[in-house]
Amino acid sequence: MKIIETKIEIQAYLKSNSNSKIGFIPTMGALHQGHLELVKRSKEENDVSVCSIFVNPTQFNNSEDLLKYPRTLEEDCNKLKEIGCDAVFAPSFEEMYVSMPTIKFDFGHLEHIMEGKFRPGHFNGVGIVVSKLFNIVKPTQAYFGQKDIQQVAVIKSLVKDLSFDLKIIVCDTIREKNGLAMSSRNRRLSENAKEIAPKIYESLLLAKKLLLMGVNAENTKLEIRNFYKSFQQFELEYFEITDYSSLENIAFHKAEGQTAVIIATYLDGVRLIDNLIF
Ligand code: PAF
């Protein structure tokens, strides 16, 4: 497996694989099974699979969060090598940002809800780095996890609006046996927090049950707020019930596959997100 730090080198490597289908998995490292499943899928569907590892400072609106973000490059490369990833692109900050971009993305209503609302500037940073990475790697297909449901919507809109010539593949959220969605942030959870963290998935399942029974979104949200009152360790940031594709709020569950319940919560100071589509 090649480990490449510069744009020139990754482009030279990919040129030597011209006419190949390139699968691309952008990540910020601290890889878990969820990331590895994206790589495995890419390997099945492409000739060459490239994983990028870059903790992108422009998408962090909280400097402490950026500082605490786990950085485990060596461990990540070992995992990727083991599953047969072809190349890792791990640039430095200077390599990615020769100068600070002045361009600003505006993703419309996605900027004002959920992650957009609580992490101002986050999607601008995601849009910038993902555009840069797409331009450098020029993938045929790029792989993202459903856990970041709003990021997926932002990236789909980026690809459509800027005519990037690639396909976005969205893969299911991978969970621990106890239901906790895998996330790089889980390694920051204390043992106590890890024990209670599966309550997040439980709350999503409860919302699903209520909505499928015909309870409206407003009352379902009230039930969920009550559910979290019993678990003081959580600090709920948002719990939304939306249409799966537009991410607009809905009043009731409509049809199979069209409803998303989406949560962001702090648990012992670690911010976790998750969602369920049904
Ligand atoms: O999902 C992530 O890990 C990041 O937001 C991404 C897409 C790699 C951009 O930095």
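What you are looking at is a predicted structure, and each value in this text was computed from that prediction instead of being measured. (Residues numbered from 1 in each chain as written. Predicted model: local features only at pLDDT ≥ 70, side-chain atom pairs only at ≥ 80, totals over all residues. Heavy atoms only, no water.)

Another point: helix α4 (residues 73-82). Where α4 is concerned, the buried positions are Asp76, Cys77 and Leu80. The arc that holds the buried residues of α4, viewed along the axis, is 100°, so those residues lie on one side. Turned more than 90 degrees off the buried face of α4, the exposed positions are Glu74, Lys81 and Glu82. Packed against the buried residues of α4 are β1 (2-4), α2 (33-45), β3 (48-53) and β4 (87-89). Where α4 ends, the next residue or the one after it, Gly84, has phi of about 85°, a positive value. (Buried < 20%, exposed > 50% of the residue type's maximum accessible area, 1.4 Å probe, protein only. Helix = DSSP H or I, 4+ residues; strand = E, 2+ residues; numbered from the N terminus. Arc of directions from axis to C-beta. Contact = heavy atoms within 4.5 Å.)

Surrounding the ligand, one finds Pro26, Thr27, Met28, Asn56, Gln59, Val129, Phe144 and Gln151. Between the ligand and the protein, one listed contact pairs an oxygen atom with a side-chain N or O atom of Gln59 at 2.6 Å. Between the ligand and Gln151 there is a distance of 2.7 Å, counted from an oxygen atom to a side-chain nitrogen or oxygen. Summarising the interface, the protein chains cover 90% of the accessible area of the ligand, which totals 290 Å² for the free molecule. (Near = heavy atom within 4 Å. Polar contact = N/O pair within 3.5 Å; in protein donor to acceptor, adjacent residues only side chain to side chain. Areas by Shrake-Rupley, 256 points an atom, 1.4 Å probe, with all protein chains shown as cover.)

Here we take up the domain arrangement of the protein chain. Taken as a whole, the protein chain is organised into domain 1 (2-171) and domain 2 (184-277). Relative placement of domain 1 and domain 2: their C-alpha centres are 26 Å apart. Buried surface at the junction of domain 1 and domain 2, both sides included, amounts to about 1,900 Å², of which 54% is carbon and sulfur. When residues of domain 1 are sorted by the area they lose upon contact with domain 2, Met114, Phe118 and Ile149 head the list and together hold 30% of the total. One can count four salt bridges joining domain 1 with domain 2. Notably, a salt bridge pairs Arg188 with Asp65, separated by 3.5 Å at the nearest N-O pair. (Domains from an automatic or database assignment. Buried area = accessible area lost by both parts, 1.4 Å probe. Salt bridge = Lys/Arg side-chain N within 4 Å of Asp/Glu carboxyl O.)

Below, the discussion takes up the packing of aromatic side chains. Enumeration according to the criterion identifies 10 aromatic pairs in this entry. Between Phe60 and Tyr69, the ring centres sit 5.6 Å apart and the planes meet at 75°, which makes this aromatic pair edge-to-face. Since its relative accessible area comes to 11%, Phe60 is described here as buried. Residue classification places Tyr69 among the buried positions, given a relative accessible area of 8%. Aromatic pair Phe118 and Tyr238: ring centres 5.7 Å apart, planes at 25°, arrangement stacked. A residue pair is termed long-range when its members are at least 10 positions apart, and Phe118 in helix α6 (residues 114-118) and Tyr238 in strand β7 (residues 234-243) qualify at 120 residues. For Phe118, a relative accessible area of 31% puts it in the partly exposed group. (Phe/Tyr/Trp six-rings, centres within 6.5 Å; stacked < 30°, edge-to-face > 60°.)

A few words on the pattern of salt bridges. Two side chains carrying opposite charge are able to pair once their charged atoms lie near each other. By the definition in use, this model includes 16 salt bridges. Residue Lys79 is joined to Glu75 by a salt bridge in which the shortest nitrogen-to-oxygen separation is 3.7 Å. With Lys79 and Glu75 both in helix α4, this residue pair falls four residues apart, about one helical turn. Across the salt bridge formed by Asp161 and Lys160, the nearest N and O atoms sit 3.7 Å from each other. Salt bridges sharing partners connect three or more residues here, namely Asp65, Glu115, Arg119, Arg185, Arg188, Glu237 and Arg271.

The parallel open sheet is built from six strands, whose spatial order is β1-β4-β3-β2-β5-β6. Looking at which strands have only one partner, the edges of the open sheet turn out to be β1 and β6 (167-171). Recorded for the sheet is a direction-independent mean angle of 25° between the axes of neighbouring strands. Here strand β2 (residues 22-27) runs beside strand β5 (residues 141-145); their pairing, made up of two bridges, is parallel. In the sheet register, Phe24 faces β5, and the bridge partner there is Ala142. Strands in contact with helix α8 (residues 149-161) are β5 and β6; relative to β6, the strand with the most contacts, it is inclined by about 170°. (Pairing = 2+ DSSP bridges. Axes fitted to C-alpha atoms, helices over the stretch in contact; angles between N-to-C directions.)

To continue, consider the environment of Val137. Along the chain, the position of Val137 falls in helix α7 (residues 122-137). Its relative accessible area of 2% is what places Val137 among the buried residues. Sequence separation of Val137 and Ser52 is 85 residues, and the distance between their C-alpha atoms is 9.4 Å. Residues in contact with Val137, not counting those within four places in the same chain, are Leu14, Ile22 and Phe24.

The next point concerns the nonpolar core. Counting 44 residues, the largest nonpolar core has Val50 and Phe134 as its most contacted members. Listed by contribution, the elements that provide at least two residues to this core are α1 (7-15), β2, β3, β4, α7, β5, α8 and β8 (259-267). No other element matches the nine residues that α7 contributes to this core. Each of domain 1 (2-171) and domain 2 (184-277) gives at least three residues to this core. The contact partners of Val50, leaving out residues within four places of it in the chain, are Ile10, Leu14, Ile22, Gly23, Phe24, Ile25, Ala87 and Phe89. (Core = buried A, V, L, I, M, F, W, Y, C linked by side-chain atoms within 4.5 Å.)

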